[in-house]
Every structure is written in structure tokens, then in C-alpha cells.
Amino acid sequence: MNIHIIQHVSFEKPGRIMDWIQENNHTVELIKVFNGEPFPKEEEVSFLIVLGGPMSSNDTEQWIQDERHLIKEVVDSGKPMLGICLGAQQLAKAYGSDIISTPKEVGWHSVTSLTQNFHPSKEYTVLHWHGEGFTKPCHATPLYSTEKWENQGFRLFNAIGLQFHFEATKETVKEIVEADSLFLSQSVFSVTRGGTIDFPVPDENKDILFSILNTLEREVK
């Protein structure tokens, strides 16, 4: 299967998603928006993944609207889609949610699972990197929450949106911190640049990500 991944900026990469693709012998088409690469047509997509970025779903650039249109076409057609951070906000807004300012959750911190569908544990430590969030789309099932912002993840039809980053690796975290260290300094969490870069990425994050991707893969028709 060929996986389409939309990457918005050079420093927010697929990370562990690429490990899952390789382990399952899939192929990948990486659309680098920051290089001006065009979006695929809906009929070309079997499985769509949309990554994060510092821009907002409320921005008025045409490509942001075009991306949201593609997401809705893919999901409405019954194909699987995973949105991460900005990608999750784009998915939520495509189905009528508002994107609003939230506490700046930036750095490693806990998230609470509201389901045991992907892993038996209730609490995980994940990389947060956002100052906006989505309201829950109508008919969506909530998946994750934090004490600062309750809407951290949801499932809607054959799509999943995650506000945080299960895909993060030590290398991708370093790139994000180096590119966006000012945002880290504004975090509501007590974090440091070095502590964020050197934080040992929990092994269970990869397991949960793979479980989510395996679940979505089964939706491919």
C-alpha cells in the first residue's frame, strides 16, 4: 500500500511513522508543502497522514483550505486518515469544529487515555507542541485528554486526530526544539531546552502509534 504523508515544515517529520511504513512493506509519497509540492487528488489516496506545523487552521492561505478539502474528501470516501497536531485541527475543522487558543502545552508531559482500544495504560508521557486546539467534532469519539485542554484526540468515522506527537523520536524532537525554541520558552509546563531534547522517548509511544496505524490500515477498502 502507498501512504500519502503531508509535511508542512522541514522540522516536523514523520518520525516513527516511517518505521511503521518500512516494517509493513508499504511505500510512501511525502508531500512537502514547504517546497510547494501539490496535493494528490482524492482518488490517488489510499491512506492519508497529515503532520503538524506552526501555522493555523484559521489562516486564510488557499493551500490550507485546499488541504482541508482533501481531508474531507478522503474521509467521506471511506478511506483512513491520521491527523497530528495541525493535521488533527484540519480534520476537526473540516467537520465543523472551531480552532481556538489554548494553554501553550509545549514539551514532554502527560496525557490521559479515555479508551483502552490502543493500549491498556491510562497515562502516557508524550510530546506536546501547540497553542491552539480543536473543539470536539460532532459525533466524534474522544480518545485523549489533559488537565489543561480536554480535547487531545478523537476518532471520527475512519479518521483519528491527535493533538500531540506519538511519532516523535529523539532526532525529530531535537529538530523541533532547535527550530522553535522560543515557543518552548512560553510553555505552561516547567521545561527546558536541554531537558526536552534529552528526554528519553517512552517505548510505549511507538507501540501505541503502531496500534493506531494498524487499526486505520484495516479501514483500507
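Structure first, text after, so check above.
Residues numbered from 1 in each chain as written. Predicted model: local features only at pLDDT ≥ 70, side-chain atom pairs only at ≥ 80, totals over all residues. Heavy atoms only, no water.

### Details of the sheet that holds strand 6 (residues 123-134)
Point 1. Strand order in the open sheet formed by nine strands is 2-1-3-4-9-8-7-5-6, and the pairing between neighbours is mixed. Since the sheet does not close on itself, it has two edges, and those belong to strand 2 (27-32) and strand 6, each with one partner. Pairs of neighbouring strands in the sheet enclose a mean axial angle of 20°, with direction left out of account.
Point 2. Sheet topology places strand 5 (residues 99-113) next to strand 6; eleven bridges connect them, and they run antiparallel. Counted as the bridge partner of Trp-108 is Leu-127 from strand 6.
Point 3. Sheet strands touched by helix 3 (residues 86-94): strand 3 (48-50), strand 4 (81-84), strand 5, strand 6, strand 8 (153-156) and strand 9 (159-162). Its angle to strand 4, the strand with the most contacts, is close to 120°. (Pairing = 2+ DSSP bridges. Helix = DSSP H or I, 4+ residues; strand = E, 2+ residues; numbered from the N terminus. Axes fitted to C-alpha atoms, helices over the stretch in contact; angles between N-to-C directions. Contact = heavy atoms within 4.5 Å.)

### A word on the pairing of strand 5
Point 1. Two strands pair when backbone bridges link them, and strand 5 and strand 7 (residues 141-145) are joined in this way by two bridges, in the antiparallel orientation. If you follow Ser-113 over to strand 7, its bridge partner there is Tyr-144.

### Description of the nonpolar core
Side chains that are nonpolar tend, in soluble globular proteins, to be buried together.
Point 1. Grouped together as the largest cluster of nonpolar side chains are 27 residues, with contacts concentrated most on Ile-17, Ile-49, Leu-82, Tyr-144, Phe-166 and Ile-212.
Point 2. Elements supplying a minimum of two residues to this core: strand 1 (2-7), helix 1 (16-23), strand 4, strand 6, strand 7, strand 9 and helix 7 (203-217).
Point 3. Counting residues per element, this core draws most heavily on helix 7, at six residues.
Point 4. Ranked by size, the runner-up nonpolar core spans 22 residues in total, among them Ile-31, Val-33, Val-74 and Ala-140. (Core = buried A, V, L, I, M, F, W, Y, C linked by side-chain atoms within 4.5 Å. Buried < 20%, exposed > 50% of the residue type's maximum accessible area, 1.4 Å probe, protein only.)

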